Amino acid sequence: MNYWDSCAILPICVNDDAFSGLAKSIAAEDDGIVTWWGTPVECCSAFARLRRQGIFTYDDEQQSRTRLSIISGVWNEVEPSEAVRALARQLLLRQPLRAADSLQLAAAIVWADGDIEGRGFVSLDKRLRDAAQAEGFTVIPNMIDFLNATNNLTP
């Protein structure tokens, strides 16, 4: 079971994203997804932004929301807590993260109960990947697969 940040969940919900195949193959091999309580809001924000930018139609957005609803029914969620909030504030002192990313990483550390070694952190965000690795997580996908998927993005 691995911790998944919101940007790793998104490609599972979006069919034509360059990372979709990679994310779906990682999910297929994972025995469970753990994420934080804010993931559904972050994903819906991304879907709405894609629709407003003309990349998604209304139907695309609704299909992605439906996929998200199905996936969220089976994942494990780290709930908000003072431990997550306090750790997120500490992470901001030592990692170059934004607020939501520090909450993501803090939730992953709380999920791991401080025993980070050998725990997977699935992310497609370079800054968050780097911070998770610096904190001791095994970052998924590996760098070669990550770079290959990144190179397949259209400008």
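All values derive from a computational prediction rather than experimental measurement.

**Q** Sorry, what's going on with the packing of aromatic side chains here?
**A** In this description, a pair of aromatic rings is defined by centroid distance and the angle of the planes. Summed over all chains, the structure comprises four aromatic pairs. Between Y3 and F121, the ring centres sit 5.3 Å apart and the planes meet at 20 degrees, which makes this aromatic pair stacked. One end of the pair, Y3, is in strand β1 (residues 2-4); the other, F121, is in strand β4 (residues 120-122), with 118 residues separating them in the sequence. Comparing Y3 with F121 shows no difference in burial state: the two are buried. Ring pairing ties together the aromatic residues Y3, F121 and F137, which thus form one cluster. Directly above the ring of W111 sits R119, whose terminal nitrogen or CZ lies 4.7 Å from the centroid.

**Q** Help me understand the state of the cysteines, please; the structure alone is not making it clear to me.
**A** Simply put, the disulfide is a covalent bond whose two ends are the sulfur atoms of two cysteines. Under the counting rule described, the total for this entry stands at zero disulfides. In this model C13 remains outside any disulfide bridge; the closest cysteine sulfur is found in C43, 5.6 Å from its own. Not engaged in a disulfide, the cysteine C44 finds its nearest cysteine sulfur in C43; these two sulfurs lie 7.0 Å apart.

**Q** What is the right way to read the sheet that holds strand β2 (residues 33-36) from this model?
**A** Here five strands make up an open sheet; going across it, the order is β3-β2-β1-β4-β5 and the pairing parallel. The strands lining the two open edges of the sheet, one partner per strand, are β3 (76-78) and β5 (138-140). Between one strand and the next, the sheet's axes are offset by a mean angle of 30 degrees, whatever the strand orientation. Pairing analysis gives two bridges linking β1 to β2, with the strands arranged parallel.

**Q** What is the right way to read the packing of helix α1 (residues 6-13) against helix α2 (residues 20-29) from this model?
**A** Packed helix pairs are specified by the crossing angle of their axes together with the interaxial distance, meaning the distance between the axes. Viewed as axis vectors pointing N to C, α1 and α2 meet at an angle of 105 degrees, and their least axial separation amounts to 8 Å. Of the possible angle classes, the one that applies to α1 and α2 is roughly perpendicular. Only S20, A23, K24 and A27 of α2 make contact with α1, whose side of the interface consists of A8, P11 and I12. Tallied by class, the residues present in the contact of α1 with α2 amount to five nonpolar, one polar and one charged.

The rules we used
- Here, residues in each chain are numbered from 1, in the same order as that chain's written sequence.
- Under the rules for a predicted model, residues below a pLDDT of 70 receive no local features and side-chain atom pairs below 80 are neither given nor counted, while totals for whole chains, interfaces and linings still include all residues.
- The side-chain values count all of the structure's non-hydrogen atoms but skip hydrogen atoms and water molecules.
- Only Phe, Tyr and Trp rings take part, Trp by its six-membered ring, and two of them pair if their centres are within 6.5 Å. Stacked means planes under 30 degrees apart, edge-to-face means over 60, and tilted covers everything else.
- Secondary structure counts use DSSP, requiring at least four H or I residues in a row for a helix and at least two E residues in a row for a strand, with both numbered from the N terminus.
- Burial classes: relative accessible area under 20% of the type maximum marks a residue as buried, over 50% as exposed, and values in between as partly exposed (1.4 Å probe, protein chains only).
- Criterion for a charge above a ring: Arg CZ or Lys NZ at most 6 Å from the ring centre, at most 35 degrees from the ring normal.
- Disulfides are defined as cysteine sulfur pairs within 2.5 Å.
- Two strands are said to pair when DSSP picks up at least two bridges between them.
- Axis definition: a line fitted to C-alpha atoms, over the contacting stretch in the case of helices. Angles run 0 to 180 degrees between N-to-C directions.
- Reported orientations rely on four angle classes, namely roughly parallel under 35 degrees, roughly antiparallel over 145, roughly perpendicular from 65 to 115, and oblique for the rest.
- Any two residues whose heavy atoms approach within 4.5 Å are treated as being in contact.
- In this count, Pro and Cys sit with the nonpolar residues alongside Ala, Val, Leu, Ile, Met, Phe, Trp and Tyr, while Asp, Glu, Lys and Arg are called charged and the others, Gly among them, polar.

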